[in-house]
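One-letter residues, chain by chain:
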Amino acid sequence: MGSATNRNPVRRLGDASTLTGLLEFRPRTAVVLVLLTLMVAVVGWRIARDTGARRVDVLAREAIALFDAAPSTPVDAAPPDAAEAEVAFQDLAGVPIGFPRDDVDFVPVEVRRETFANRPAASLRFRYAGEGYLLVVSARDRLLGTASVAAFPEGSFVSGERNGRSFVLWERDGASCIVVSNVDVTRAFDLVRRLFT
């Protein structure tokens, strides 16, 4: 009729202070700890998967692929005027983006419709101070799925380099925008801040 548990506090303290309890295998406790560890790992993986870092990486990779693609207009064709390119770009993008009309270093090369992140977007190939750039703009609800969700807060920029190409990604006026170039990322970021924000 005696109980199997040790109810004597003097004996319990002596047993608790030894290392023999570490070597004792408790299958139920081990199973519970393994399941809890797996649950924490799965939740952490899902949180990391759903963050914007992966989305930004995919968008940067696609924009770089568009930048590396050859332009569709012939090389000998006259580049469009900045005002003409702005009107064509706004018609395709559905987002008001102003181009610098009085800057002689800004030379639009080509405006065209693109598929970016499996969504319709507008792209502008341009040269600035002799360097080639690509601007891709998509309305936020088209790119991210809903109008109320932003990949990152308004006014924030995400910049980086992939495969020797620099990119700057930002959101404003209901649009997601990315500029890709061969120049250093600091020069690309400076260009974005001066011309497009």
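Here the structure is a predicted model, which means the values were calculated and not measured.

The buried count for strand β2 (residues 119-128) comes to 7 of 10 residues, which makes it a mostly enclosed element. By the bridge criterion, 10 bridges tie strand β1 (residues 106-116) to β2 in an arrangement that is antiparallel. Bridging across to β2, Phe 106 finds its partner in Tyr 128. Two successive antiparallel strands, β1 and β2, enclose a turn made up of 2 residues, where Ala 117 displays a positive phi of approximately 60°. Between β2 and strand β3 (residues 131-139), which pair antiparallel in sequence order, lie 2 residues; one of them, Ala 129, sits at a positive phi of approximately 55°.

Moving on to unusual backbone geometry. The phi angle at Ala 129 is positive, at roughly 55°, despite the residue not being glycine. Along the chain, Ala 129 turns up in the loop between β2 and β3. The phi dihedral of Asn 163 is positive, around 50°, even though this residue is not glycine. Taking relative accessible area as the criterion, Asn 163 reaches 69% and is therefore assigned exposed.

Pairing in this open sheet of 6 strands is antiparallel, and the strands run β1-β2-β3-β6-β5-β4 from one edge to the other. The sheet terminates laterally at β1 and β4 (157-162), the two strands that pair on one side only. Neighbour-to-neighbour, the strand axes of the sheet open up by a mean angle of 20°, direction not taken into account. In terms of strand pairing, β2 meets β3 through 7 bridges, oriented antiparallel.

Along the chain, Ser 123 turns up in strand β2. Since its relative accessible area comes to 3%, Ser 123 is described here as buried. In this structure the side chain of Ser 123 is engaged in a polar contact, spanning 3.2 Å, whose partner is the side chain of Glu 114. Beyond its immediate sequence surroundings of up to four residues, Ser 123 is in contact with Phe 89, Glu 110, Val 111, Arg 112, Glu 114, Leu 134, Leu 135 and Val 136.

Procedures and definitions
- Residues numbered from 1 in each chain as written.
- Predicted model: local features only at pLDDT ≥ 70, side-chain atom pairs only at ≥ 80, totals over all residues.
- Heavy atoms only, no water.
- Buried < 20%, exposed > 50% of the residue type's maximum accessible area, 1.4 Å probe, protein only.
- Helix = DSSP H or I, 4+ residues; strand = E, 2+ residues; numbered from the N terminus.
- Pairing = 2+ DSSP bridges.
- Axes fitted to C-alpha atoms, helices over the stretch in contact; angles between N-to-C directions.
- Polar contact = N/O pair within 3.5 Å; in protein donor to acceptor, adjacent residues only side chain to side chain.
- Contact = heavy atoms within 4.5 Å.

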